[in-house]
Amino acid sequence: MNAINEALKLSTQDHGVLRFITAGSVDDGKSTLIGRLLFDSKGIFADQLAAISKAKNKRTAGDTIDFSLLTDGLEAEREQGITIDVAYRYFATPARKFIVADTPGHEQYTRNMVTGASTADVAIVLVDITRVAFEESTEGLKATLLAQTKRHSAIAGKLGIPAILFAVNKMDLVDFDHAKFIATEKAVRELAVTVGVQEALVLPISALTGDNVVTSSPKTPWYTGQPLLPILENIPSRADRAEAAHKVGFRFPVQLVARHDGHKAEDFRGYMGRVEGGSVKVGDTVVVHPSGQSAVVQRIVFLNDDLPEAHLGQCVTLVLDRDVDVSRGDQIVSVGDTVNHAPVKALTADICWLDNEPLNPARKYWIKQTTRQTQAKIKSVNLVLDIHTLLHGESTKTVQMNDIAQIELVLAQPIVADLYTECRATGSFILIDSATNQTVAAGMIVAKN
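Residues numbered from 1 in each chain as written. Predicted model: local features only at pLDDT ≥ 70, side-chain atom pairs only at ≥ 80, totals over all residues. Heavy atoms only, no water.

Asks: A description of helix α7 (residues 178-194) should follow, citing residues and the corresponding values.
Replies: Here α7 is 17 residues long and its end C-alpha atoms lie 24 Å apart, about the 24 Å a rise of 1.5 Å per residue gives. Among all positions of α7, only Phe181, Ala183, Thr184, Glu185, Ala187, Val188, Leu191 and Ala192 are buried. Buried-residue contacts for α7 involve β4 (122-128), β5 (133-137), β6 (140-144), α6 (147-158), β7 (163-169) and β8 (199-204). (Helix = DSSP H or I, 4+ residues; strand = E, 2+ residues; numbered from the N terminus. Expected span 1.5 Å × (residues − 1). Buried < 20%, exposed > 50% of the residue type's maximum accessible area, 1.4 Å probe, protein only. Contact = heavy atoms within 4.5 Å.)

Asks: Describe the sheet that holds strand β3 (residues 97-102), listing the residues and the values that go with them.
Replies: What the 6 strands build is an open sheet, ordered β2-β3-β1-β4-β7-β8; its pairing is mixed. In the strand order of this sheet, the two ends are held by β2 (87-92) and β8, each with one partner. Along the sheet, successive strands turn relative to each other by an average axial angle of 25°, direction set aside. The strands that helix α2 (residues 30-40) touches are β1 (17-24), β2, β3 and β4; relative to β1, the one it contacts most, it runs at about 145°. The strands touched by α7 within the sheet are β4, β7 and β8, with β8 carrying the most contacts at an inclination of about 160°. (Pairing = 2+ DSSP bridges. Axes fitted to C-alpha atoms, helices over the stretch in contact; angles between N-to-C directions.)

Asks: Can you tell me about the pattern of salt bridges, naming the residues and giving the values?
Replies: This structure, assessed with the given rule, holds 12 salt bridges. A salt bridge links arginine 131 to aspartate 128; the nearest nitrogen and oxygen atoms lie 3.4 Å apart. For arginine 131, a relative accessible area of 32% gives the class partly exposed. Lysine 158 is the salt-bridge partner of aspartate 350, the closest N and O atoms lying 3.3 Å from each other. Taken together, the positions of aspartate 350 in strand β18 (residues 344-353) and lysine 158 in helix α6 put the pair 192 residues apart, joining distant regions of the chain. By relative accessible area, lysine 158 is classed as partly exposed at 26%. A single salt-bridge network, built from bridges that share partners, covers Asp28, Asp128, Arg131 and Lys170. (Salt bridge = Lys/Arg side-chain N within 4 Å of Asp/Glu carboxyl O.)

Asks: Describe the nonpolar core, naming the residues involved and giving the relevant values.
Replies: Counting 43 residues, the largest nonpolar core has Ile21 and Phe166 as its most contacted members. Elements with a contribution of two residues or more to this core: β1, α5 (110-117), β4, α6, β7, α7, β8 and β24 (439-448). Top element by residues in this core is α7. It accounts for 6 residues. Ignoring anything within four residues of it in the chain, the contact list for isoleucine 21 reads Ala101, Thr103, Met113, Gly116, Ala117, Ala120, Val122, Ala123 and Ile124. (Core = buried A, V, L, I, M, F, W, Y, C linked by side-chain atoms within 4.5 Å.)

Asks: Got a sec to walk through the pairing of β4? Specific residues and values, please.
Replies: The buried fraction of β4 amounts to 7 of the 7 residues, a majority that puts the element mostly inside the structure. The sheet contact formed by β1 and β4 spans 5 bridges and is parallel. Residue pairing for β4: glycine 24 is matched across the bridge by leucine 126. In this structure, β4 lies alongside β7, joined through 7 bridges in parallel fashion. What sits directly across from alanine 123, in β7, is isoleucine 164.

Asks: Got a sec to walk through the packing of aromatic side chains? Specific residues and values, please.
Replies: Inspection of every chain in the model, using the stated rule, returns 5 aromatic pairs. On the numbers, 4.8 Å between centres and 20° between planes, the contact of phenylalanine 91 with phenylalanine 98 is stacked. Ring geometry for tryptophan 353 against tyrosine 365: centres 6.1 Å apart, planes inclined by 90°, an arrangement best described as edge-to-face. With tryptophan 353 in strand β18 and tyrosine 365 in strand β19 (residues 365-369), this residue pair connects regions lying 12 residues apart in the sequence. By relative accessible area, tyrosine 365 is classed as buried at 2%. (Phe/Tyr/Trp six-rings, centres within 6.5 Å; stacked < 30°, edge-to-face > 60°.)

The values reported here are purely geometric and, on their own, carry no functional implication.
See the structure below:
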């Protein structure tokens, strides 16, 4: 039984913070769904409710609340009825706290969706059932999904989001047709397998009327699963999964070298950063890369206290037993897995191209991975994903904005890298155009060469 079903067995308790995004095509109901969650969980102030009830860009009839206005804060968004930028909202229930990112659905703003998805524990991909194409076949009703639904699902899969909740929305507009939902569910599950989603859950909802959002709807007696909110309250976060997986040893990218009382004989020198993999204890032997020098952890400082051990996600200062050459961008790693953390200068990576200008291998780029930045050359484009068929197309195709491709990179200086599936922090990077200083791509390492 998968982790989602195991989690749903848990009793109501505080499960910490969950970060999730809403994704999908334009007008699938992403903003409306978040507004409904905020409203039903009592996360809206009375003055906010009054303001959106009288808004000039309200798109609902009569006294019906236009929940999308709660997240579409830009004037341009309200005028056009679309989401342009990522909007973050916070709400809580007795069981959990939530940070939700409402991401744009329009193809033009796919790069904004990538930004919101990069830190998400869960993705909710909305599927507007009124825009699913249905046709009769020998096997029964067959459903065809929109291209942007496929693109966002593929990006979520590439980013390693461990669970996607496919919310089949606007069921009220098809009279809660069970046959259409079954056909859509089949297409969605096939999509999830194709894009490499670890766990997928499909549920019928109506964001506007609230069916199966917070409470079960009597209009879908054929749906035996839980509503959306109870699922979100109990689903494991990415941090919980990472702790369980523990696929890499200690990883500590140095953000800052801290010096105190440097004029004294016994001055303090510590290395500040965040533990991005594994854990470390006082007395552990570690290696500093790229120099390869080793030392013993003498102290682990957190605020004004010393800790015996530091774990994944903690921001601490390490003090070593001897002076070694350590600078921002260096990485302190465990001494045990030498093969895994050996610095490399050649990578294979999946990227989402974010720039208006197409990829040009002749241009000079910077690669920024953790706190380290060095020059990089795009040696070749191996594959480009055809978003309509979800098959890899010809490598000769020009990589345009919002394309998903696999490339070969050669770096000017070595970096300590892991596969993205093993460690998200050390397996991801961005590419920066050295001429314009624009971020042109977000990348996930799939192989070290």
